[in-house]
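Report on the structure
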Amino acid sequence: MFTHPCLDADGNRAFWSAALPSGVTFLNDVNDVLSCYKEELDGTDFAAGRLYRTSTREGIPYQAVARRTLAGGLAARDRLLALATDDQRPHLERYAAGYVYFHLRCRRYRWNDIYPGLTPIDT
């Protein structure tokens, strides 16, 4: 998954054992927030999405759930970075930023509809 040897799973089992839950939370939470627009346009995906279901179940505004989920994803990223060594941290920071960049720029997620200044990328 990562090309730099300092992130190799075989040589860094203790790090990955500790970091994996935060990594998964970051990916899931950020994906849910950055997928909400395309899911709303689809309709079916929106109603099936975790953010909408949480909003309905807890009786709180969708926007509050989205903000809370984003905060959870960013906190998970911070936990992941706190576990990393000085050598690992820059690679993980770039990965996290690239993950967000991909969602914002990929045509599938449609963020350039809202922010026309974003140059879409084809994937």
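In short, a report on the structure. Since this is a predicted model, take the numbers as computed values, not measurements. (Residues numbered from 1 in each chain as written. Predicted model: local features only at pLDDT ≥ 70, side-chain atom pairs only at ≥ 80, totals over all residues. Heavy atoms only, no water.)

**Overview of the pattern of salt bridges**
Evaluated as defined, the whole model comprises eight salt bridges. In this structure, the salt-bridge partner of Asp-29 is Arg-50, at a minimum N-O distance of 2.5 Å. Highlighted residues: Asp-29 in helix H1 (residues 13-34) and Arg-50 in helix H4 (residues 50-58), separated in sequence by 21 residues. Residue Asp-29 is classed as buried on the basis of its relative accessible area of 9%. (Salt bridge = Lys/Arg side-chain N within 4 Å of Asp/Glu carboxyl O. Helix = DSSP H or I, 4+ residues; strand = E, 2+ residues; numbered from the N terminus. Buried < 20%, exposed > 50% of the residue type's maximum accessible area, 1.4 Å probe, protein only.)

**Regarding H4**
Taken together, the buried positions of H4 are Leu-51, Thr-54 and Ser-55. Here the buried residues of H4 occupy an arc of 100 degrees about the axis, which is enough to place them on one side. Exposed side chains of H4 directed beyond 90 degrees from the buried face belong to Thr-56 and Arg-57. In the core, the buried residues of H4 are packed alongside H1, helix H2 (36-42) and helix H5 (62-83). Two residues or fewer past H4, Gly-59 is found with a positive phi of approximately 65 degrees. (Arc of directions from axis to C-beta. Contact = heavy atoms within 4.5 Å.)

**A closer look at H1**
If you check H1, its first and last C-alpha atoms are 30 Å apart, about what 22 residues at 1.5 Å a residue would give, namely 32 Å. Remark: the principal bend of H1, roughly 45 degrees, maps to Ala-19, with a proline, Pro-21, within the next four residues. Residues of H1 that are buried in the fold lie against H2, H4, H5, helix H6 (89-105) and helix H7 (111-114). (Expected span 1.5 Å × (residues − 1). Bend = angle between axes of the 7 residues up to and from the residue.)

**Digging into the packing of aromatic side chains**
In the structure shown here, the tally under the stated rule is seven aromatic pairs. Pairing Phe-15 with Trp-16 gives two aromatic rings, centres 4.9 Å apart and planes at 70 degrees, and the pair type is edge-to-face. Residue Phe-15 is classed as buried on the basis of its relative accessible area of 9%. Note on Phe-102 and Tyr-109: the rings are 6.1 Å apart at their centroids and 75 degrees apart in plane angle, and the pair reads as edge-to-face. (Phe/Tyr/Trp six-rings, centres within 6.5 Å; stacked < 30°, edge-to-face > 60°.)

**Digging into the environment of Ser-17**
Along the chain, the position of Ser-17 falls in helix H1. By relative accessible area, Ser-17 is classed as exposed at 59%. Sequence separation between Ser-17 and Arg-94 is 77 residues, and the spatial gap between their C-alpha atoms is 21 Å.

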